[in-house]
Number of protein chains: 2
Amino acid sequence: MITGKNYIGNQLVGSKRTFKTFNPQSNTENSSEFFEPSSDDINKAVALASEAFYTYKNTSGAQKNNFLNAIADEILALGDELITMYTQESGLPEGRAIGERGRTMGQLRLFANLVADGSWVEASIDTAQPEREPLPKADIRKMLVPTGPVVVFGASNFPLAFSTAGGDTASALASGCPVIVKSHPMHAGTGELVSSAIIKAAEKTGMPNGVFSNLNSSGIEVGVELVKHPSIKCVVFTGSFNGGKALFDIANNRPEPIPVFAEMGSINPVVLLPKAIANNLESLAENLAGSITLGAGQFCTNPGLILSIESDELKKLSQNIAELLEDMDASCMLHPNIKRTYTKNQSEVTSQDSISVLTNSSDNAEVNYVKPQLATVQGDVFLKNPTLHKEVFGPFSLIVQCKDGKELLEVVKCLEGQLTATLIAEENELSQYPELINHLLEKVGRLIHNGMPTGVEVCPSMQHGGPYPSTTDSRFTSVGTSAIKRFVRPLCYQSWPHNLLPEELKNENALGIFRLVNSEYSKDKI
Amino acid sequence: MITGKNYIGNQLVGSKRTFKTFNPQSNTENSSEFFEPSSDDINKAVALASEAFYTYKNTSGAQKNNFLNAIADEILALGDELITMYTQESGLPEGRAIGERGRTMGQLRLFANLVADGSWVEASIDTAQPEREPLPKADIRKMLVPTGPVVVFGASNFPLAFSTAGGDTASALASGCPVIVKSHPMHAGTGELVSSAIIKAAEKTGMPNGVFSNLNSSGIEVGVELVKHPSIKCVVFTGSFNGGKALFDIANNRPEPIPVFAEMGSINPVVLLPKAIANNLESLAENLAGSITLGAGQFCTNPGLILSIESDELKKLSQNIAELLEDMDASCMLHPNIKRTYTKNQSEVTSQDSISVLTNSSDNAEVNYVKPQLATVQGDVFLKNPTLHKEVFGPFSLIVQCKDGKELLEVVKCLEGQLTATLIAEENELSQYPELINHLLEKVGRLIHNGMPTGVEVCPSMQHGGPYPSTTDSRFTSVGTSAIKRFVRPLCYQSWPHNLLPEELKNENALGIFRLVNSEYSKDKI
């Protein structure tokens, strides 16, 4: 049952102005009314989080493991109500909802396992050398500790996996930081349901009140108040460049600046090398058409830019992709506003000089639906026109035909920071382009060979975060176990009484974790 | 031989306005004239660094090891000329110069060993699972890679160890980033000598021109131009809050924001628990007096604040420290400007209401020399007056007498971020103050038991970096092997051709480094 209220810790609270979510498939408002929190409510949520922090940060890995697994269990226990709400608020199909719920639970269990294992704290021990000359060496030990209450902004394009209990919340809770979610306005109902699951899990596993809160919002005010609050220590955001950059600026202008991890979009260049096109034309066309339209093109790793050297094969490939896209059904976008922005951005790009649209731009029958589009341009035109480098969030891609390898290199050099770059190349073809690769890898967080950028594996080796402006901090990832590193800092203990050290730093190593001991990695006790 | 010129890569260049350094001991200008670089010179240094980056980043650990060890060798080969220049430009004694040279060489060799070993890149490998259902899993591997040209601002208080070839430069070069040093105006001669050693080492070991440049400056313009330059990717600074914060703001307001690691000062609270005072009164007085005056109090870990509960023993201890300080010779400060600022800040604190100065403030005989000072205040006064929380850079400390443990806790809660906090406590006394410790550790990067904060061990477990405003980023350290982490980001390779992977990520593990392979740490090949 949806109440429309905010979770201020474990209390449902709501009094201020209300709003509703929207079903883009039926093009109608959903029925539930949602309440925004007052400033008092916001302050109370932050005060509870700060108070909870002083106990939650000392919670053991085993206890956090219970909590995170319980969240996954409680999300599943929401059953069909969650799936129905998800589809009503996003226009995405049921299969996607079920798949994303699975991914969300998988992420929670991944972090549950990570903290149960415990090695993630990067424990490092240098034992004392009292006899060292000219000065004795003290016993010095350090490990990662959580930094404090985190604000997570729910993303529009993953109402579960990058939202209320998504990877950001899972990794922040795993680190020992309380979380306040600023719920995405489009998915307030989905957010409330998931929040109820988190609160139930927190109560069942004995977590302190305030370890989690969920705040509704229809505009930017709630988010801005949260980011400005002196007790908030970190902000996580996935969304537009304008949104992420605004939060980054607010956070840096606080009396105490705090980190903002904003993942802000990317055009994810796919570089097609000549032999690979010639040898795999049909499968390549299918894979690209599929990747461009996945989730109605509303993925942060959507391949919005295809780079290659002009040739008959490239023309043929472009035509094939265009035909495949034309044959596809129109797909429903997340919200009328997103459809509107897509149309505007896409028109802006395709109305530039010397752009050819390759797909037949037939009118879309239904109001929030779109047909995918493909356009093409010469390399020299692309180099001169920065408008063509902009992300068009939706099922759109631009093929850049360079006149030769040199121009292709120039195009790569002029790119902004990206989440990913993909190289489609035959065996041994890649080694002929060392300079291209040497420059391309400066632009990205992840390099892919003969795959598609969409589909981000959740694993320890994943890097989902690239140079600015794709994210505000390329040194961290929002997907995979390393995402926990966003919420911690090293704390060093010098000559600390052994019985007062955290378990992770005691000689016994009762947790059996990997540690750096006198510059050697080991699971041994000392 | 000092030329007074800038190293723009391996060229000595200088034409613009000149300045001289100052000998605070003799209170006279030193003889050499130094040239500031023109904007063209600055742009050329950055262009060379950018160009060098594309080869230097791919330099092997073994080659970087040679380079870093060669720098240490060449610094030693500068012989007495360096030691003399150091003492003339800093007013610090010869013994300190020799000791700091040793530390500087030790740091270079530490990073040389780190990169020769190679495990620091945090290689992580998840092998493919082509049979996985519902979707196959790709081969995904990642490791840390350097981010690009770094600007290092030389510090005033360590003309060698935190300057031209100090820990910042050593760790940045170790990571694979070219370095441009903005030389400290007070130590331009020391900086030129050390730069000549770096350039020699770079040439001898075949490093690309531009891997290092050294730019003089008498004001802020050169530094500001460097931080604003679009090809600079990272800034490191050790100095005042105002200086560090200004660079942080400039860097965040660039079209592409970049990280600034600024270590900006700290008052390093020392908490004295009652039993420990009673039982160790004399040695404690000696240790505190020694730590307060080390390097004329010009250490970032100087104990500027002593916190305790009022008692006869505390009064006695305070008196003992004051007497020890009074008996000490006046010491020479680094520069007339630093002496001036010290006098101003110290007077500002001691002229506040209800402050008692415990040391006899006799006039100092020599112009740039100071006598140490000790003052005391009640806890409730300290709580209400933020002026008393400010750093006084120099040999000064303030003892806060709290009326009880509760007030002591309040004082700890109101502190700003610090590099260190020290607990002086008897065995078992510490465990009686769990709440105090739980709060204190949120304020600091390093906790010390029964030691002094001065003396920062250079080792893997060291954390020299605390919450804002002690640094701009508490997640990183400027001392110890982890300092290299400031200059890198993870790069992920998905399904990358095995022969094109970096050595660190190949199955063979020819380098024999520690890696996370399918979630298990190992040095094994795959």
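Q: Help me get a handle on the overall build of chain A, residues and values and all.
A: Across its full length, chain A carries 15 helices and 25 strands. In terms of C-alpha radius of gyration, chain A reaches 25 Å, essentially the compact-globule figure of 24 Å for 526 residues. Expressed as a percentage of its 526 residues, the buried residues of chain A come to 64%. Look at the contacts in chain A between residues 6 or more apart in sequence, and 75% of them connect residues 24 or more apart.

Q: Give me the lowdown on the nonpolar core, citing residues and values where you can.
A: Formed by 216 residues in total, the largest nonpolar core has its most connected members in Phe 67, Ile 71 and Leu 398 of chain A together with Phe 67, Ile 71 and Leu 398 of chain B. Each residue touching Ile 71 of chain A, except ones within four places of it in the same chain, is listed here: Leu 108, Ala 165, Leu 173, Ile 198 and Ala 201 of chain A. Counting residues in each nonpolar core, the second largest holds 25 residues, with Leu 48, Phe 153, Val 235 and Leu 247 of chain A among its members.

Q: Describe unusual backbone geometry, naming the residues involved and giving the relevant values.
A: The linkage connecting Tyr 468 of chain A with the following residue, Pro 469 of chain A, adopts the cis geometry, with an omega of 5 degrees. One can find Pro 469 of chain A in the loop between β22 (444-449) and β23 (488-494). Pro 134 of chain B follows Glu 133 of chain B through a cis peptide bond whose omega is 0 degrees. Even without being a glycine, Ser 354 of chain A presents a positive backbone phi close to 65 degrees.

Q: I'd love a proper account of the pattern of salt bridges, names of residues and values included.
A: As enumerated under the stated definition, the model contains 35 salt bridges over all chains in all. In this structure, Asp 139 of chain A and Arg 141 of chain A form a salt bridge, with 2.7 Å as the shortest nitrogen-oxygen distance. Given a relative accessible area of 15%, Asp 139 of chain A falls into the buried group. In this structure, the salt-bridge partner of Arg 475 of chain A is Asp 473 of chain B, at a minimum N-O distance of 4.0 Å. In this pair, Arg 475 of chain A sits in the loop between β22 and β23 while Asp 473 of chain B sits in the loop between β22 (444-449) and β23 (488-494), so the two residues belong to two different chains.

Q: Give a description of the environment of Phe 487 of chain B that names residues and reports values.
A: Residues and elements named next belong to chain B. Take Phe 487: it is sitting in the loop between β22 and β23. A relative accessible area of 0% places Phe 487 in the buried class. Along the backbone, Phe 487 and Gly 91 are 396 residues apart, and their C-alpha atoms lie at a distance of 33 Å.

Q: Which residues make up helix α4 (residues 94-117) of chain A, and what values go with them?
A: All names here are of chain A. Over its 24 residues, α4 runs 35 Å from end to end, which matches the ideal 34 Å to within 8%, given 1.5 Å per residue. Where α4 is concerned, the buried positions are Arg 96, Ala 97, Glu 100, Arg 101, Thr 104, Met 105, Gln 107, Leu 108, Phe 111, Ala 112, Leu 114 and Val 115. In the core, the buried residues of α4 are packed alongside α2 (61-77), α3 (80-90) and α5 (167-175). Backbone geometry just downstream of α4 places Gly 118 in the positive-phi region, at approximately 90 degrees.

Q: Just give me the short version of the interface of chain B and chain A, but keep the residues and values in it.
A: A common way to state how big an interface is: give the accessible area lost once the parts meet. Listed per partner, the contact involves 67 residues of chain B and 67 residues of chain A. When residues of chain B are sorted by the area they lose upon contact with chain A, Ser 461, Arg 475 and Arg 489 of chain B head the list and together hold 12% of the total. The shortest N-O distance in the salt bridge between Glu 442 of chain A and Lys 57 of chain B comes to 2.5 Å. Contributing elements (two or more residues each) for the side of chain B that touches chain A: α1 (39-56), β7 (124-126), β8 (140-146), α8 (241-252), α15 (434-440), β22, β23 and β25 (520-522) of chain B. Among the elements that line the side of chain B that touches chain A, the one with the most residues is β23 of chain B, at 7 residues. For β22 of chain A and β23 of chain B, the ladder comprises 3 bridges, and the chain directions are parallel. Following the sheet pairing, Leu 447 of chain A is matched in β23 of chain B by Tyr 493 of chain B.

Q: If you had to explain the relation of the copies chain B and chain A to someone new, which residues and values would you point to?
A: Of the two same-sequence chains, chain B is brought onto chain A (RMSD 0.0 Å, axial shift 0.0 Å) by a rotation of 180 degrees. Interpreted geometrically, this transformation is the action of a two-fold axis. Nearest to the rotation axis, the C-alpha of Asn 252 of chain B is located 3.7 Å from it, this being the minimum over chain B. Counting the interface residues of chain B, we find that 100% of their copies in chain A are interface residues as well, pointing to one common contact surface.

Q: Quick rundown of the sheet that holds strand β17 (residues 356-357) of chain A? Include the residues and the values.
A: The strand order β17(A)-β19(A)-β20(A)-β15(A)-β14(A)-β21(A)-β22(A)-β23(B)-β8(B)-β7(B)-β24(B)-β25(B) describes an open sheet built from 12 strands, whose pairing is mixed. The sheet is open, and its two edges are formed by β17 of chain A together with β25 of chain B, each paired on a single side. As paired strands, β8 of chain B and β23 of chain B are joined by 7 bridges and run antiparallel to one another. Each bridged residue has a counterpart across the sheet, and for Ile 140 of chain B the counterpart in β23 of chain B is Gln 494 of chain B. Sitting on the sheet, helix α14 (residues 405-414) of chain A is in contact with β14 (269-272), β15 (305-309) and β20 (396-402) of chain A, with an inclination near 155 degrees to β15 of chain A.

Q: If you had to explain the sheet that holds strand β7 (residues 124-126) of chain A to someone new, which residues and values would you point to?
A: Spatially, the 12 strands line up as an open sheet ordered β25(A)-β24(A)-β7(A)-β8(A)-β23(A)-β22(B)-β21(B)-β14(B)-β15(B)-β20(B)-β19(B)-β17(B), and their pairing is mixed. Two strands in the sheet have a free side with no partner beyond their single neighbour: β25 (520-522) of chain A together with β17 (356-357) of chain B. The sheet contact formed by strand β21 (residues 418-424) of chain B and β22 of chain B spans 5 bridges and is parallel. Across the sheet, residue Thr 420 of chain B finds its bridge partner in β22 of chain B, namely Arg 446 of chain B. Packing against the sheet, helix α10 (residues 281-293) of chain B makes contact with β14 (270-272), β15 (305-309), β19 (373-378), β20 (396-402) and β21 of chain B, and its axis sits at approximately 170 degrees to β14 of chain B.

Q: Got a sec to walk through the packing of helix α1 (residues 39-56) of chain A against helix α7 (residues 221-228) of chain A? Specific residues and values, please.
A: All names here are of chain A. Orientation of α1 relative to α7, taken along the N-to-C sense of each, is 40 degrees, at an axis distance of 11 Å. As summarised for this structure, α1 and α7 are arranged oblique, according to the angle between their axes. Read as a crossing pair, α1 and α7 show a hand that is right-handed. Together, Ser 39, Ile 42 and Val 46 of α1 and Val 222, Glu 225 and Leu 226 of α7 make up the contact between the two elements. Of the residues assigned to the contact of α1 with α7, the class counts are 4 nonpolar, 1 polar and 1 charged.

Q: A description of the side chain of Asn 509 of chain B should follow, citing residues and the corresponding values.
A: Residues and elements named next belong to chain B. Note that Asn 509 resides in the loop between β23 and β24 (515-517). What makes Asn 509 buried here is its relative accessible area of 6%. A distance of 2.9 Å separates the side chain of Asn 509 from the backbone oxygen of Lys 523, its partner in a polar contact. Apart from the residues lying within four places of it in its own chain, the contact partners of Asn 509 are Arg 515, Lys 523, Asp 524 and Lys 525.

Q: Tell me about the environment of His 335 of chain A, and please be specific about residues and values.
A: Residue and element names in this part refer to chain A. By secondary structure assignment, the location of His 335 is in the loop between β16 (331-332) and α12 (336-350). Sequence separation between His 335 and Asn 368 is 33 residues; the distance between their C-alpha atoms is 7.1 Å. Look past the residues within four positions of His 335 in its chain and what remains in contact with it is Phe 22, Pro 24 and Met 186.

Q: Before we move on, could you go through the packing of α3 of chain A against helix α6 (residues 188-204) of chain A and cite the residues and values that matter?
A: All names here are of chain A. The interhelical angle for the contact between α3 and α6, taken along N-to-C directions, is 155 degrees, at an axis separation of 8 Å. For the element pair α3 / α6, the angle class is roughly antiparallel. In this structure, α3 crosses over α6, and the sense of that crossing is left-handed. From α3, Glu 81, Leu 82, Met 85, Tyr 86 and Glu 89 reach across to α6, where they touch Ala 188, Gly 189, Thr 190, Leu 193 and Val 194. Residues that form the contact of α3 with α6 fall into these classes: 6 nonpolar, 2 polar and 2 charged.

Q: An account of the packing of aromatic side chains is needed here, citing residue identities and associated values.
A: For the structure on display, the rule yields 21 aromatic pairs over all chains. On the basis of an interplanar angle of 35 degrees and a centroid distance of 5.8 Å, the ring pair of Phe 19 of chain B and Phe 34 of chain B is categorised as tilted. On the criterion of sequence distance, the pair formed by Phe 19 of chain B in strand β3 (residues 18-19) and Phe 34 of chain B in strand β6 (residues 34-35) is long-range, its members being 15 residues apart. In textbook terms, an aromatic cluster arises when at least three aromatic residues are bridged by ring pairs, as seen for Phe 514 and Tyr 521 of chain A together with Phe 514 and Tyr 521 of chain B. Here the basic side chain of Arg 96 of chain B rests over the ring of Phe 158 of chain B, its NZ or CZ set 4.7 Å away from the ring centre.

Thresholds applied
- Numbers given for residues are sequential positions, taken from 1 along each chain in its written order.
- Each chain takes a letter, starting from A, and each ligand takes a number, starting from 1, following the order in which they are written.
- Residue-level local features of this predicted model are given only where pLDDT is at least 70; pairs of side-chain atoms are given and counted only at 80 or more, and the full residue set underlies all totals for whole chains, interfaces and linings.
- Heavy atoms throughout the structure, all of them, feed into the side-chain values; hydrogens and water do not.
- Secondary structure is summarised from DSSP: a helix means a run of H or I of at least four residues, a strand means a run of E of at least two, and numbering begins at the N terminus for each.
- The globule rule used here is 2.2 Å times the number of residues to the 0.38 power, and the radius of gyration it is set against is calculated over C-alpha atoms.
- Buried residues are those whose accessible area, probed at 1.4 Å on protein chains only, stays under 20% of the maximum for their type, while exposed residues exceed 50% and partly exposed ones sit between those limits.
- Contact criterion: two residues are considered in contact whenever any of their non-hydrogen atoms come within 4.5 Å of each other.
- Nonpolar core, defined: a set of buried Ala, Val, Leu, Ile, Met, Phe, Trp, Tyr and Cys residues in which side-chain atoms within 4.5 Å join the residues together.
- Note on definitions: salt bridges are taken to be side-chain nitrogens of Lys or Arg within 4 Å of carboxyl oxygens of Asp or Glu.
- One less than the residue count of a helix, multiplied by 1.5 Å, gives the span that helix is expected to have.
- Two parts lose some accessible area (1.4 Å probe) when they are put together, and adding that loss for both gives the buried area.
- The rule for pairing is simple: two strands pair if DSSP sees at least two bridges between them.
- The copies are overlaid by a least-squares fit using only the C-alpha atoms of residues whose pLDDT is at least 70 in both copies.
- Only the contacting stretch of a helix is used when fitting its axis, a line to C-alpha atoms as for every element, and angles between N-to-C directions run 0 to 180 degrees.
- In what follows, roughly perpendicular refers to angles from 65 to 115 degrees, roughly parallel to angles under 35, roughly antiparallel to angles over 145, and oblique to any angle outside these ranges.
- Crossing handedness: left-handed means the near helix sits turned counterclockwise from the far one by under a right angle, and right-handed means the same turn made clockwise.
- Under this grouping Gly is polar, as are all residues other than the nonpolar Ala, Val, Leu, Ile, Met, Phe, Trp, Tyr, Cys and Pro and the charged Asp, Glu, Lys and Arg.
- Contacts described as polar in this section are N or O atom pairs within 3.5 Å, which, within protein, must combine one atom able to donate a hydrogen with one able to accept it, while residues neighboring in sequence count only if both atoms come from side chains.
- Two rings from Phe, Tyr or Trp (for Trp, the six-membered ring) form a pair when their centres are within 6.5 Å of each other. A pair whose planes differ by under 30 degrees is stacked, one over 60 is edge-to-face, and the rest are tilted.
- In this analysis the charged atom, NZ for Lys or CZ for Arg, is taken to sit over a ring once it is within 6 Å of the ring centre and within 35 degrees of the ring normal.

Take it as geometry only, folks, not as evidence of what the structure does.
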